[in-house]
Amino acid sequence: MSIKVLLVDDEKEFVDLLGERMTARGMEVNTTTSAADALRITEDQSFDAIVLDLMMPEMDGIQVLKTLKAKHPELQVILLTGHGSIERGVEAMRQGAMDFIEKPADLEVLTEKIRKAQARKMILVERKVEEEVREILISKAW
Amino acid sequence: MTDTMNRAAIDGLRFFGRMSAAISHDLKNTLSIMNESAGLLEDLALLTEKGRPLDPQRVHQLGATIKRQIQRNDGMVRNMNRFAHSVDDPLKEVGLAAHLEMLLAICRRLTDARGIAVSVAPCHAEVSIVTRPFFLLHLVWLLLEWGMEHAGSGKQLVLEIEPFPPSFVRMLCRGLETLSADASLSQWNDLLSLLEARMEITVDRQAVAVVMPLRIDG
């Protein structure tokens, strides 16, 4: 099964090009240039990784990250930062980002991080399913 | 150096840093697009080597994308250069509208992030003033920051330049809401003093105005 990724960045040409390259590498890619759209899309669809720009109009990347993690704790978010400093990246990690990468991003490095995100999400989902099953077994007292 | 100048210089350095960071962010974005374009060209070359036919149209498109980003980059670097040189001379003649346009281009990402559209109203003829260019830019940025807090529901701020005879010019920041005529503007006193300017609130026009001389003699 291919890795499902959502790319969120206000630079349309950037998400289109990166999306095309990732698709050529076998990933299933959705793109959006709007933070609000990203929040809507994640309500309906599940992704292995979300690659999110830290600085976007209408909503700060950290704010989007907080909202996403509050609603879907298992979501794996990789932040793209245009800032030279790592301070914002560290702040993002503290808020629950899986990782961050500085622009311009090396696609091989980004792909590696996406693979790690997928693996981590699978573990979290499996753990969640196990807990749900355990709760059902306890509550039914079979 | 006077205390006023000292304080303005320290605050000015902070402003310079903030604008430089905004420029670097924009540059990183254009570099990213060029990076992905170059990467895609490499991908296409690899696929061609493996026998897939190359679509010349796609190569043309990528070339056009790179050219567009280079032009965008060039505009940013030109603005960055003008901004950097704004500290060269204590007093300098500048075209006021062009000076404001340059600042808006530099801080566009910061104003967009607040969801506010900021523009300079077209004027019949450029007004040239002899002023302290860097301190003027700093004052306008502080005014915009304040204005974004007080912007009306239209979320639009317009900088308007109008003559103020005989020897002044007035720059209005329009589009404000919830303005009170006695709002405190004392936080800008240092810059106003260095620019020999004064600030006024015009509630009926939903604006804050900076009245400054056409020429500071130094």
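The shown structure was predicted, so the numbers you read here are calculated from the model rather than taken from an experiment. (Residues numbered from 1 in each chain as written. Chains lettered and ligands numbered in written order. Predicted model: local features only at pLDDT ≥ 70, side-chain atom pairs only at ≥ 80, totals over all residues.)

Draft legend 1. Molecular detail of the overall build of chain A. Of the regular secondary structure elements, chain A holds 5 helices and 5 strands. Across chain A, helices and strands are ordered from the amino to the carboxyl terminus as β-α-β-α-β-α-β-α-β-α. A compact globule built from 142 residues would reach a C-alpha radius of gyration of about 14 Å, and chain A, at 16 Å, matches this within 12%. Expressed as a percentage of its 142 residues, the buried residues of chain A come to 37%. (Helix = DSSP H or I, 4+ residues; strand = E, 2+ residues; numbered from the N terminus. Rg over C-alpha atoms; globule rule 2.2 N^0.38 Å. Buried ≥ 20, exposed ≤ 12 C-beta atoms within 10 Å, placed from the backbone.)

Draft legend 2. Structural context of the interface of chain A and chain B. Between chain A and chain B, the residue contacts involve 19 residues of the former and 18 residues of the latter. Tallied by class, the residues present in the side of chain A that touches chain B amount to 9 nonpolar, 3 polar and 7 charged. (Contact = placed C-beta atoms within 7 Å. Nonpolar A, V, L, I, M, F, W, Y, C, P; charged D, E, K, R; others polar.)

Draft legend 3. Local environment of the pairing of strand β7 (residues 207-213) of chain B. All names here are of chain B. Here β7 lies mainly inside the structure; 5 of its 7 residues are buried. Where strand β5 (residues 168-174) lies against β7, 7 bridges are found, and the strand directions are antiparallel. In the strand pairing of β7, Cys173 is matched with Val208. Between strand β6 (residues 198-202) and β7, which follow one another and run antiparallel, lie 4 residues, and Gln206 among them has a positive phi close to 50°. (Pairing = 2+ DSSP bridges.)

Draft legend 4. Structural detail: the pairing of strand β4 (residues 156-164) of chain B. All names here are of chain B. Bridging between strand β2 (residues 117-120) and β4 involves 4 bridges; their strand directions are parallel. Within β4, the position partnered with Ser119 by the bridge is Val158. For β4 and β5, the ladder comprises 7 bridges, and the chain directions are antiparallel. Counted as the bridge partner of Phe164 is Phe168 from β5. In this antiparallel pair of consecutive strands, β4 and β5, the connection spans 3 residues.

Draft legend 5. A look at the sheet that holds β4(B). All names here are of chain B. Strand order in the open sheet formed by 5 strands is β2-β4-β5-β7-β6, and the pairing between neighbours is mixed. Among the strands making up the open sheet, the edge pair consists of β2 and β6. In this sheet, neighbouring strand axes are inclined to one another by 20° on average, regardless of whether the strands run parallel or antiparallel. With respect to the sheet, helix α3 (residues 96-113) is in contact with β2, β4 and β5, its orientation differing from that of β2 by roughly 170°. (Axes fitted to C-alpha atoms, helices over the stretch in contact; angles between N-to-C directions.)

Draft legend 6. Geometry of the packing of helix α2 (residues 56-85) of chain B against α3(B). Residues and elements named next belong to chain B. In the contact formed by α2 and α3, the axes pass within 10 Å of each other and the chain directions differ by 120°. Viewed along their axes, α2 and α3 form a crossing whose handedness is left-handed. In contact with Asn79, Arg82 and Phe83 of α2, α3 contributes Met102, Ala105 and Ile106. Residues belonging to the contact of α2 with α3 are distributed by class as follows: 4 nonpolar, 1 polar and 1 charged. (Left-handed = near helix turned anticlockwise from the far one by under 90°.)

Draft legend 7. Structural detail: the environment of B:Ala45. Residue and element names in this part refer to chain B. With respect to the element layout, Ala45 can be found in helix α1 (residues 3-49). Residue Ala45 is classed as exposed on the basis of its C-beta count, with 12 C-beta atoms lying within 10 Å. Once the C-alpha coordinates of Ala45 and Ala21 are considered, the two residues, 24 residues apart in sequence, prove to be 36 Å apart.

Draft legend 8. Highlighting the domain arrangement of chain B. All names here are of chain B. Splitting chain B by domain gives domain 1 (3-85) and domain 2 (92-213). Taking the mean C-alpha position of each, domain 1 and domain 2 sit 29 Å from one another. Listed as interface residues are 14 residues of domain 1 and, on the opposing side, 14 residues of domain 2. It is α1 that contributes the most residues to the side of domain 1 that touches domain 2, 11 residues altogether. By residue class, the composition of the side of domain 1 that touches domain 2 is 7 nonpolar, 4 polar and 3 charged. (Domains from an automatic or database assignment.)

Draft legend 9. Geometry of the confidence of the model for chain B. In this model, chain B carries an average pLDDT of 93, and 100% of its residues clear a pLDDT of 70 or more. Among the scores for the predicted complex, ipTM is 0.87 and pTM is 0.88. (pLDDT = per-residue confidence, 0-100.)

Draft legend 10. Examining the confidence of the model for chain A more closely. Summary statistics for chain A give a mean pLDDT of 89 and a share of 96% for residues scoring 70 or more. When pLDDT is averaged over each element of chain A, strand β2 (residues 28-32) of chain A comes out on top at 98 and helix α4 (residues 87-94) of chain A at the bottom at 81.

Draft legend 11. Spotlight on the sheet that holds strand β5 (residues 99-102) of chain A. All names here are of chain A. Taken in spatial order, the 5 strands make up an open sheet running β2-β1-β3-β4-β5, and their pairing is parallel. Since the sheet does not close on itself, it has two edges, and those belong to β2 and β5, each with one partner. Put simply, the sheet's adjacent strands are angled 20° from each other on average, direction ignored. Helix α5 (residues 107-140) contacts β1 (4-8), β3 (49-53), β4 (77-81) and β5 of the sheet and is inclined by roughly 170° relative to β5.

Draft legend 12. Fine view of helix α4 (residues 133-149) of chain B. Under the 1.5 Å per step criterion, the end-to-end length of α4(B) is 25 Å for 17 residues, consistent within 8% with the ideal 24 Å. Restricting attention to buried positions, one finds in α4(B) the residues B:Pro133, B:Phe134, B:Phe135, B:Leu136, B:Leu137, B:His138, B:Leu139, B:Val140, B:Leu143, B:Leu144 and B:Gly147. (Expected span 1.5 Å × (residues − 1).)

Draft legend 13. Molecular detail of α3(B). All names here are of chain B. The terminal C-alpha atoms of α3, which comprises 18 residues, lie 25 Å apart, in line with the 26 Å expected from a rise of 1.5 Å per residue. By the largest-angle criterion, Cys107 marks the main kink of α3, which is about 65°. Buried within α3 we find Leu96, Ala97, His99, Leu100, Met102, Leu103, Ile106, Cys107, Leu110 and Thr111. One or two positions beyond α3, positive phi appears at Gly115, with a value near 75°. (Bend = angle between axes of the 7 residues up to and from the residue.)

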